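Residues per chain are reported as follows:
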Amino acid sequence: MKNLNKLASALLALSIAFSGCDNDNGGNNPVTVQLKNHSKIPALVKKQSGFESLEIFSLISSDDTLEQSKDYIFGGTADGLGVLRSQDGKGFVMLVNNEDNFSVSRITLDETFKPVKGEYMLNSDGGQWRLCSGTLATPQEHGFGPMYLSVGESDVEAQTHGLNPYEANPTPTSSRALKGLGHWSGENAVPLHKDAFPGKTVIIMGEDASDAVTGGQVVMYVSSTGDLNNGSQYVLRRTNQTQTELDMKEGQSYDVEFIKIDDYQTITGAAIQAKVDELKAIEFGRVEDLDYRKGSAANAREIYFNVTGQDNKPEERTKFGRVYKLVLDGTDPLKGKLTPVLDGDLPNGKANEFQNPDNICVTQNYVYIEEDSNLYGNVKGTQHDGYIWQYTIATGELKKVLELDHHRTAADRDKYNRNEKTGEPAGDSKYGQWEYGALVDASDLLGIQDAFILCVQPHTWADARYKNPDKGTKATSVQASQILVLKGLPR
């Protein structure tokens, strides 16, 4: 550990300060953000060829103590994330899903972007389900909010929570479930940019389900701007009503439409699932994260999503994962074209190393694709840990950006390679056992070009001391996690 401490000290000395402005909250207070390693834990990732100039800073981890909340422990399996300026314009507020804790952390950061306080807006009693990805809606970008949409998974009756990031004295045991977004075993709920369809709120949702009958769906909610109670909900289907995912081939485009789910607010999630075949929705092998392209109103109607894959329906659904592009009609959000752009099941395809893509981040020029931890992926014989991939929209080029670093050295084995369910020593973790959470472009917020925030889920970094950090009663995870800041990742 001495070498790691020296490395951390050296990186601290190389911290870089940048200035930005308070454009999000109506003020002009200057902010000086200083990118530093604020965590005692080094970044658990490794840069790949071509990305050597990328700077990586360890922001917070489960081993850190924050000065204004000494008893707060940052929970494990950090997944969805949203960040914005504080109400007074003097710092920042970050909301993070601690997935397997069924909870949402709120972290206060000072004007330099140093974490100073942590608390739980939702604990497992209020969160109720595994909380996977999440999206922060703001008036500037989406036409309503601020509201953090934290999506419940692991149950057909799960719902999406809507949290006010500025809520004073939140009650962690109180659910914030939004009835208007229905019941789904969801991954994310992503409102499109307000300019995509002026006067409307259009939210695209992914259902991370792998049951043999219906699989997972792509879902749309449409309402007047900011109305999350009285809109309509739809599922994606091909216009020829073919439901089988593998009938669609990489590089080919297909006409699709969204078909309405009648009475969805008054029926159960199980009843909604029973309508999938009736409505002839496409049955994907676990729809994971979604995001839209940035840069213009037309770009905002160009949506990318990951289907992570499943191994129990190989004749119908992807096994190792796909990335899809969905382009919505400019005048009607219920019509569009769907294209599989990357297919991990093609032996000689450009994505043939894919092992179950999960989270996704889309900028104006790139799609960043993050791998999951489905261990059956190693039957390919690819002995690697989870990658982040960069897909160039204009050219289709695919590059590896980062690989997770499991620290299987003799010095670190006992800390980072334990049983993820019990926290007991377990030797070396398996290839692909860890995964990533959210990757969020924070360049404009921080006033720093090409700055991103990344969550890491090092599942075998586990110990009993990380259990129940939110004081809820419904989750028993003993895992830790980490948040990083990346500088120099192209947008």
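Each remark here, short or long, concerns the structure printed above.
Chemist: Teacher, can you tell me more about the overall build of the chain here?
Modeler: The helix and strand tally for the chain stands at six helices and 27 strands. A compact globule built from 491 residues would reach a C-alpha radius of gyration of about 23 Å, and the chain, at 21 Å, matches this within 12%. Counting only residues that meet the buried cut, the chain has 60% of its 491 residues in that class. Taking the intrachain contacts of the chain between residues at least 6 apart in sequence as the baseline, contacts between residues at least 24 apart amount to 61%. Total accessible area on the chain stands at roughly 18000 Å², and carbon and sulfur atoms take up 46% of it. Each charge sign in the chain was given a centre, from 50 positive and 68 negative side chains, and these centres are 2 Å apart.

Chemist: When you look at the sheet that holds strand E12 (residues 186–191) in this model, what are you seeing that I'm missing?
Modeler: Sheet strands associate in pairs through backbone hydrogen bonding, adopting either a parallel or an antiparallel arrangement. In spatial order, the strands read E12-E13-E14-E15-E16-E20-E19-E18-E17; together these nine strands make up an open sheet with antiparallel pairing. Across the chains shown, the open sheet's two edge strands, defined by having one partner strand only, are E12 and strand E17 (287–292). The mean angle between the axes of side-by-side strands here comes to 30°, regardless of whether they run parallel or antiparallel. Direction of pairing for E12 relative to strand E13 (residues 200–207): antiparallel, over a ladder of five bridges.

Chemist: It is not clear to me how the packing of aromatic side chains should be interpreted in this structure. Could you clarify?
Modeler: Each aromatic ring pair is summarised here by two numbers: the centre-to-centre distance and the angle between the ring planes. Scanning all chains against the criterion turns up eleven aromatic pairs. On the basis of an interplanar angle of 45° and a centroid distance of 5.3 Å, the ring pair of Tyr72 and Tyr120 is categorised as tilted. With Tyr72 in the loop between strand E4 (55–61) and strand E5 (78–85) and Tyr120 in strand E8 (residues 115–122), this residue pair connects regions lying 48 residues apart in the sequence. You can call Tyr72 buried: its relative accessible area is 7%. One aromatic cluster is present, formed by Phe284, Phe305 and Tyr324 through successive ring pairs. We note Arg301 situated over the ring of Phe197; from NZ or CZ to the ring centre the distance is 5.9 Å. The side chain of Lys415 reaches across the aromatic face of Tyr416, ending 5.8 Å from its centre.

Chemist: Where do I start with the side chain of Glu245 in this structure?
Modeler: Mapped onto the secondary structure, Glu245 falls in the loop between strand E15 (232–238) and strand E16 (254–260). For the buried Glu245, no salt bridge exists, and the shortest N-O distance to an oppositely charged side chain is 4.4 Å, to Arg322.

Chemist: Would you explain helix H4 (residues 269–279) in this entry?
Modeler: Because an α-helix completes one turn every 3.6 residues, residues spaced three or four positions apart along the sequence face the same direction. Within the sequence span of H4, burial applies to Gly269, Ile272, Gln273, Val276 and Leu279. Down the axis of H4, the buried side of the element spans an arc of 120°, and every buried residue falls inside it. Pointing more than 90 degrees away from the buried face of H4 are the exposed residues Ala274 and Glu278. If you follow the buried residues of H4, they end up packed against E13, E15 and E16. In the stretch just after H4, Lys280 is the one whose phi turns positive, near 60°.

Chemist: Hey, could you run me through unusual backbone geometry in this one?
Modeler: Peptide bonds are, in most cases, trans, and in most cases residues other than glycine have a negative phi. Cis rather than trans, the peptide bond between Gly145 and Pro146 has omega equal to 5°. Of note, the phi angle at Thr77 is positive, near 45°, even though the residue is not glycine. Checked against the element boundaries, Thr77 lands in the loop between E4 and E5. A positive phi is found at Asn356, a non-glycine position, where the angle reads about 65°. Mapped onto the fold, Asn356 is located in the loop between strand E20 (335–343) and strand E21 (357–362).

Chemist: What should I look at first to understand the pattern of salt bridges in this one?
Modeler: When the charged atoms of two side chains with opposite charge come close together, those side chains can pair. Going through the model one piece at a time under the given rule, you end up with 28 salt bridges. The residue Lys487 makes a salt bridge to Glu55 at a minimum N-O spacing of 3.7 Å. Residue Lys487 is found in strand E27 (residues 482–487), and its partner Glu55 is found in strand E4; the two are separated by 432 residues along the sequence. The exposure class of Lys487 is buried, given its relative accessible area of 17%.

Chemist: Any chance you could explain the pairing of E20 here in plain terms?
Modeler: Here is the key point about a regular strand: its side chains alternate between the two faces of the sheet. With seven of nine residues buried, E20 lies mostly within the body of the structure. Bridge count between E16 and E20: four bridges; the pairing is antiparallel. In the sheet register, Val256 faces E20, and the bridge partner there is Gly336. Hairpin connection between strand E19 (residues 322–328) and E20: a loop of six residues separates the two successive antiparallel strands.

Chemist: Any chance you could explain the sheet that holds strand E11 (residues 160–163) here in plain terms?
Modeler: Reading across from one edge, E9-E10-E11 is the order of the three strands in this open sheet, with antiparallel pairing throughout. Strand pairing shows two members of the sheet lacking a second neighbour, strand E9 (130–137) and E11, which therefore form its edges. Here the average twist between neighbouring strands, direction ignored, is 20°. Sheet analysis places E9 next to strand E10 (residues 147–153), joined by six bridges and oriented antiparallel. Each bridged residue has a counterpart across the sheet, and for Leu131 the counterpart in E10 is Gly152.

Rules used in this analysis
Residues numbered from 1 in each chain as written. Predicted model: local features only at pLDDT ≥ 70, side-chain atom pairs only at ≥ 80, totals over all residues. Heavy atoms only, no water. Helix = DSSP H or I, 4+ residues; strand = E, 2+ residues; numbered from the N terminus. Rg over C-alpha atoms; globule rule 2.2 N^0.38 Å. Buried < 20%, exposed > 50% of the residue type's maximum accessible area, 1.4 Å probe, protein only. Contact = heavy atoms within 4.5 Å. Areas by Shrake-Rupley, 256 points an atom, 1.4 Å probe, with all protein chains shown as cover. Lys, Arg positive; Asp, Glu negative; His and termini not counted. Charge placed at Lys NZ, Arg CZ, Asp CG, Glu CD. Pairing = 2+ DSSP bridges. Axes fitted to C-alpha atoms, helices over the stretch in contact; angles between N-to-C directions. Phe/Tyr/Trp six-rings, centres within 6.5 Å; stacked < 30°, edge-to-face > 60°. Lys NZ or Arg CZ within 6 Å of the ring centre and 35° of its normal. Salt bridge = Lys/Arg side-chain N within 4 Å of Asp/Glu carboxyl O. Arc of directions from axis to C-beta.

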